[in-house]
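Overview (structure and organization)
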Amino acid sequence: MAVTRTVPCVQALAASWTAGSFALEPVTVEVGAGRLVAIIGASGAGKTTLLELLAGVRAPSSGQVTHPAEVGYVPQDDIVHTHLPLRRTLSYAARLRGEAPDVAPVLATLGLTGREDATVATLSGGERKRASIAVELLGRPDVLFLDEPTSGLDPMTAKDLVRHLRLLADAGRTVVYTTHSPPDIALTDQVIVLADGKVTYAGPPVGEGTAEQIYHRLMTGDVEWSPSPVVFEPPAAAPPRRRVPAVRQWALLTARAVELLARNRITLAILVGSPIMIALMFLMLFRPGAFDASAPSPNTTVMILFWIAFGGFFFGLTYGLSQICDEFAILRRERRAGLRLSPYLLSKVAALLPLLCLVDALLLGLLAVTDRLPDLAWSGHLALFGTVALASLAALTLGLLAASAVHNPSQAALTLPMLCFPQVLFVGAFLPVPVMADVGRWFSYAMSNRWAFEALGHTAGLPELWRDGASPLGRPLLASYEDSFDHPLWTHWSLLAGFAVLFAALTLLVLRRKAGRAR
């Protein structure tokens, strides 16, 4: 007969989940406080699904699940940034939760004392798993859920990790984890066995023999089991979670993004070095004096302005594509801890936009001092810079949108040519927009780079240069462009800013769908 408990526990009452051809049959189980519980079963049996239902990560299709107000969930993927020292990544995680960044007790609990200054990437497999657990322990959860924590570890390292989980349970914290490794159940208090989406056993490891022998008996159903009745206890009202203000989250996330960028020196060198290489190629490609009013080169001026616009677009796009897609596990963990998505997205922009503005300024400055730009007043050069910076911002948010829509960096890299080619063909540099086919002309309106190119042409005074220049190509070329360069600068800037806002809003929608809701 079930006994009313006064300590936290986890209960599932006829909780089920169905998706496509897979169904987790109704599960009724309970987990006592301070217990070490293993969920075992063959691949595809539904271990991760049941774990996520118990943890509240996934809502059941039917039935109910109750658990304490504070839970921690550690997926199979690492939920820590690998380029930061362990102390720094835990400190950021604590402050994002509104906790004091005193990580020493957590490190001591998990046997990581002395490794706090090591970069996470240099930790061993077992240490990295414990680092992910440490991040969740910062929130002082009543129950800790772990998905395949020993997967990929050698036997001794896996045994050491389970020993640390046993110590957490002995200290009063409930720990529930999935595994398909027989030795992992040696120290458990309770085992839940799944087969084809159905619980076939829930209770203590039974029988004599080694952990492997007990595991085999449980998996083959050689243990008689009658489900114990469960008195379902509605959860008590959870105290309101203290949420860090959005501005504070943005400041912390921006500082972390900048630190990650600074510590990843190879990536930083590529981000800064590639624009410099492109600028040097521009110098080799275009001769000086193309904008000379006495002898202008209309075709060259078109190409120079187009490639400047495309350069700003390309820089922003590649910067954006390098973000987010390798952080989904971390983002989901931080969402469960109360992270808002707007500060997260704005932190990416705040960390990368200054670097983009720097490389845009270097590109324009190098072209200006080598006589490959028109002779303009300072206001004109500032207008050129403003256009390229806005083009980079729009492309940056487009890159962030693409990065949020894919699942890994390899897929993000594959989207690069798909996003670049339309911005080359439908901008109007190689074929003026007014002479395009109707479909192409309408499609060009959706190209942010078109408006950057036309804004640059307006600031450079291409209509006057081509009309008044000595080249016989000037007037026919101007006629083919019609009024493309005649619109006020503010219209182009408004369109570029509008693209940035649109792409950012779409990115938030995608992230909200993929990263889940904040608690």
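Look up a bit, the structure's there.
Below, the structure is looked at part by part. (Residues numbered from 1 in each chain as written. Predicted model: local features only at pLDDT ≥ 70, side-chain atom pairs only at ≥ 80, totals over all residues. Heavy atoms only, no water.)

1. Focus on the overall build of the chain
Across its full length, the chain holds 18 helices and nine strands. In the chain, which comprises 519 residues, the proportion classed as buried is 52%. Residue pairs in contact within the chain that sit at least 24 positions apart in sequence constitute 76% of those at least 6 positions apart. Carbon and sulfur atoms make up 62% of the accessible area of the chain, which totals about 22900 Å². Averaging the locations of the 43 positively and 41 negatively charged side chains of the chain gives two centres separated by 4 Å. (Helix = DSSP H or I, 4+ residues; strand = E, 2+ residues; numbered from the N terminus. Buried < 20%, exposed > 50% of the residue type's maximum accessible area, 1.4 Å probe, protein only. Contact = heavy atoms within 4.5 Å. Areas by Shrake-Rupley, 256 points an atom, 1.4 Å probe, with all protein chains shown as cover. Lys, Arg positive; Asp, Glu negative; His and termini not counted. Charge placed at Lys NZ, Arg CZ, Asp CG, Glu CD.)

2. Overview of the sheet that holds strand β3 (residues 36–41)
The strand order across the open sheet built from six strands is β5-β6-β7-β3-β8-β9, with neighbouring strands paired in mixed fashion. On the outer flanks of this sheet lie β5 (71–74) and β9 (198–203), each paired with one strand and no other. In this sheet, neighbouring strand axes are inclined to one another by 15 degrees on average, regardless of whether the strands run parallel or antiparallel. Across five bridges, the pairing between β3 and strand β7 (residues 174–179) is parallel. Opposite Ile40, over in β7, you have Thr179 as the bridge partner. (Pairing = 2+ DSSP bridges. Axes fitted to C-alpha atoms, helices over the stretch in contact; angles between N-to-C directions.)

3. Comments concerning a negative patch on the surface
A surface patch of like charges, here negative, comprises Glu464, Asp468, Glu482, Asp483 and Asp486. Within the fold, Asp468 resides in helix α16 (residues 462–468). Looking at Asp468, the relative accessible area reads 58%, which means it is exposed. (Patch = residues over 30% accessible without salt bridge, like charges linked within 9 Å, V, L, I, M, F, W, Y side chains within 5 Å. Salt bridge = Lys/Arg side-chain N within 4 Å of Asp/Glu carboxyl O.)

4. Points about helix α1 (residues 47–55)
Most of α1 is tucked away, with eight of its nine residues classed as buried. Those residues of α1 that fall on the buried side of the exposure criterion are Lys47, Thr49, Leu50, Leu51, Glu52, Leu53, Leu54 and Ala55. Phi turns positive one or two residues past the end of α1, at Gly56, with a value near 80 degrees.

5. Side note on helix α11 (residues 341–369)
Within an α-helix, residues lying three or four positions from one another point in the same direction, as the helix has 3.6 residues per turn. A rise of 1.5 Å per residue sets the reference length of α11, with its 29 residues, at 42 Å; its end C-alpha atoms lie 42 Å apart and thus fit the reference within 8%. Roughly 30 degrees is the biggest bend found in α11, and it falls at Leu352, with proline Pro354 one to four residues downstream. Of the residues flanking the end of α11, it is Asp371, one or two places downstream, whose phi is positive at about 60 degrees. (Expected span 1.5 Å × (residues − 1). Bend = angle between axes of the 7 residues up to and from the residue.)

6. Looking at unusual backbone geometry
A positive phi angle, near 50 degrees, is found at Glu148, a position not held by glycine. By relative accessible area, Glu148 is classed as buried at 7%. With phi around 60 degrees, Asp371 is a residue other than glycine that occupies positive phi space. Following the sequence through the fold, Asp371 ends up in the loop between α11 and α12 (378–405). Accessibility expressed as a relative area gives 43% for Asp371, which makes it partly exposed.

7. Structural notes on the packing of helix α4 (residues 125–137) against helix α5 (residues 155–170)
Interhelical geometry of α4 versus α5 gives an angle of 20 degrees and a closest axis separation of 10 Å. Relative to α5, α4 is oriented roughly parallel. Judged by the sense of rotation from one axis to the other, the crossing of α4 with α5 is right-handed. Only Thr157, Asp160, Leu161, His164, Leu165 and Leu168 of α5 make contact with α4, whose side of the interface consists of Gly126, Lys129, Arg130, Ile133 and Leu137. Across the contact of α4 with α5, the residue classes tally to five nonpolar, three polar and three charged. (Parallel < 35°, antiparallel > 145°, perpendicular 65-115°, else oblique. Left-handed = near helix turned anticlockwise from the far one by under 90°. Nonpolar A, V, L, I, M, F, W, Y, C, P; charged D, E, K, R; others polar.)

8. A closer look at the sheet that holds strand β1 (residues 10–19)
Overall, antiparallel pairing links the three strands, which are arranged β2-β1-β4 in an open sheet. The open sheet is flanked by β2 (22–31) and β4 (62–66), the only strands paired with a single partner. On average, adjacent strands in this sheet sit at an angle of 25 degrees to one another, irrespective of strand direction. As paired elements, β1 and β2 share seven bridges and run antiparallel to each other. Residue pairing for β2: Ala19 is matched across the bridge by Phe22. Running at roughly 50 degrees to β2, α1 makes contact with β1, β2 and β4 of the sheet.

9. Topic: the side chain of His492
One can find His492 in helix α18 (residues 489–515). By relative accessible area, His492 is classed as buried at 1%. Excluding its chain neighbours within four sequence positions, the residues that come into contact with His492 are Trp451, Glu454, Ala455, Ser484 and His487.

10. Section: the packing of aromatic side chains
Scanning the model with the defined rule gives 16 aromatic pairs in all. Note on Tyr445 and Trp451: the rings are 5.9 Å apart at their centroids and 45 degrees apart in plane angle, and the pair reads as tilted. On the basis of relative accessible area, Trp451 is assigned to the buried category, the value being 8%. Its guanidinium or amino end placed over the ring of Trp17, Arg58 lies 4.1 Å from that ring's centre, counting from NZ or CZ. (Phe/Tyr/Trp six-rings, centres within 6.5 Å; stacked < 30°, edge-to-face > 60°. Lys NZ or Arg CZ within 6 Å of the ring centre and 35° of its normal.)

11. Quick word on the side chain of Thr507
With respect to the helices and strands, Thr507 occurs in helix α18. With residues up to four places along the chain from it excluded, the contact list for Thr507 reads Leu345, Thr397, Leu400, Leu401 and Ser404.

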